[in-house]
Amino acid sequence: KKLHCRSLIVFALFALIFSGVAYIFVCDTLDQPVNLSNSLNLDSQGRYLFTIERGSNLKQVSNRLDQKQIYDYPLLVTTWARLNNKDQVQAGDYWITSADTPALLVTKFYNGDIAQHSITFPEGWSFKQWLSRLSQIPQFAFLNNMSVTELLNKAGIDIQHPEGWFYPDTYNYSKNDNVFAILKQAHQRMLLELDSAWQTRDKQLPYQSAYEALIMASIVEKETGLASERRTIAGVFVRRLQQGMRLQTDPTVIYGMGDKYQGNIRRSDLRQFTPYNTYKIDGLPPTPIAMPGLASIEAALHPESG
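Calculation criteria
- Residues numbered from 1 in each chain as written.
- Predicted model: local features only at pLDDT ≥ 70, side-chain atom pairs only at ≥ 80, totals over all residues.
- Heavy atoms only, no water.
- Buried < 20%, exposed > 50% of the residue type's maximum accessible area, 1.4 Å probe, protein only.
- Helix = DSSP H or I, 4+ residues; strand = E, 2+ residues; numbered from the N terminus.
- Arc of directions from axis to C-beta.
- Lys, Arg positive; Asp, Glu negative; His and termini not counted.
- Salt bridge = Lys/Arg side-chain N within 4 Å of Asp/Glu carboxyl O.
- Polar contact = N/O pair within 3.5 Å; in protein donor to acceptor, adjacent residues only side chain to side chain.
- Contact = heavy atoms within 4.5 Å.
- Pairing = 2+ DSSP bridges.
- Core = buried A, V, L, I, M, F, W, Y, C linked by side-chain atoms within 4.5 Å.

Once that is clear, we can look at helix α5 (residues 127-135). Every buried residue of α5 is listed here: Phe 127, Trp 130, Leu 131, Leu 134 and Ser 135. Viewed end-on, α5 has its buried residues packed into an arc of 125°, placing them on one side of the element.

What follows is the structure, encoded as structure tokens:
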């Protein structure tokens, strides 16, 4: 009887020790930082972009991560996720960093914390430059085969000419986003910024509408070399309009030349009539010539006197 009791005690001790070791092993495995080796294609910040395709399950995802040697014991990770009701994954791109652990990755995949990419459009870029930059992104490459009219229609943007109507800034997107959402966001931002600035404009400006102010802002944007010059440049152009003088500004000529412009303006270019040649036309050109930033919009609406 004593021997039987001792055996039970020994067995219980071994079971307790085994459970403790197993618990420590599981915790260490789940909380151990993942391995991002040099064999992976890491970005400049040392992150790895991992894609979960639609229809994938956690078992498949864990096996792929194991094959890439990002973490070990995929069955253990999958089992832990199921016990914690986190065994569902959402499709998309995910950043994996050296600070991540298997447990954190499971939570990311379950919550759908997909990677955010960013794209920056500087002040002064044309709509053509915007489309060129966007089409370089693989998921937006189809833009090369789409007309501007079709693009604007799909984006739900009701404008006749796109130039000037998109706010230059940095925009975030994911693999699941479409280019129409980015353009829609940039267009709405420009509408809001322009309307807000128009409400506080100086009196007696030579603009019949906020759109004319946007045209002037685009010219100021392209003429400005130093930020401190914006209001001065705007003041010169405003006084020319008020006195009935032609604007005579080279950026409008360049815009009107389109693909014919090769880096230099000749005298013959200044004599060539286009709707944008402000050496030949009176007043403002028919549309903006670039995407102005808020500083140029403010300068157009609050030009320096003198």
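Once that is clear, we can look at the side chain of Asp 93. Its place among the elements puts Asp 93 in strand β2 (residues 92-96). We note that Asp 93 is buried and unpaired, the nearest opposite charge coming from Lys 175 at a distance of 4.1 Å. Of the polar contacts made by the side chain of Asp 93, one reaches the side chain of Thr 51; its length is 2.7 Å. In this view, Asp 93 contacts Leu 49, Phe 50, Thr 51, Ile 114, Ala 115, His 117 and Lys 175; residues no more than four positions away in its chain are not counted.

This part covers the pairing of β2. In terms of residue burial, β2 counts as a mostly covered element, since five of its five residues are buried. Bridge analysis of strand β1 (residues 48-52) against β2 gives five bridges, and the strand direction is antiparallel. Within the sheet, the bridge partner assigned to Thr 51 lies in β2 and is Asp 93.

We now examine the nonpolar core. By size, the foremost hydrophobic cluster in this structure holds 53 residues, and its most contacted members are Leu 134, Phe 166, Tyr 207 and Met 216. When contributions to this core are tallied by element, the ones reaching two or more residues are α5, α6 (148-155), β4 (170-173), α7 (179-199), α8 (210-223), α9 (230-242) and α12 (294-301). In this structure, Tyr 207 is in contact with Trp 198, Glu 212, Ala 213, Met 216, Val 238, Leu 241, Ala 300 and Leu 301, ignoring residues within four places of it in sequence. In terms of nonpolar packing, the next biggest core, distinct from the first, is built from 22 residues, Ala 81, Val 89, Ala 103 and Phe 109 among them.

Glancing now at the pattern of salt bridges. One pass over the full model with this rule turns up eight salt bridges. Of the charged contacts, one joins Lys 128 and Asp 259 as a salt bridge, the two residues approaching to 2.5 Å between their closest N and O atoms. With Lys 128 in helix α5 and Asp 259 in the loop between α10 (250-257) and α11 (267-271), the pair connects residues that are 131 residues apart, well separated along the chain. For Asp 259, a relative accessible area of 59% translates into the label exposed. The shortest N-O distance in the salt bridge between Arg 266 and Asp 269 comes to 3.6 Å. Judged by relative accessible area, Arg 266 falls into the exposed class, the value being 55%. Ionic contacts of the salt-bridge type, sharing partners, join the residues Asp 169, Arg 189 and Glu 193 into one network.

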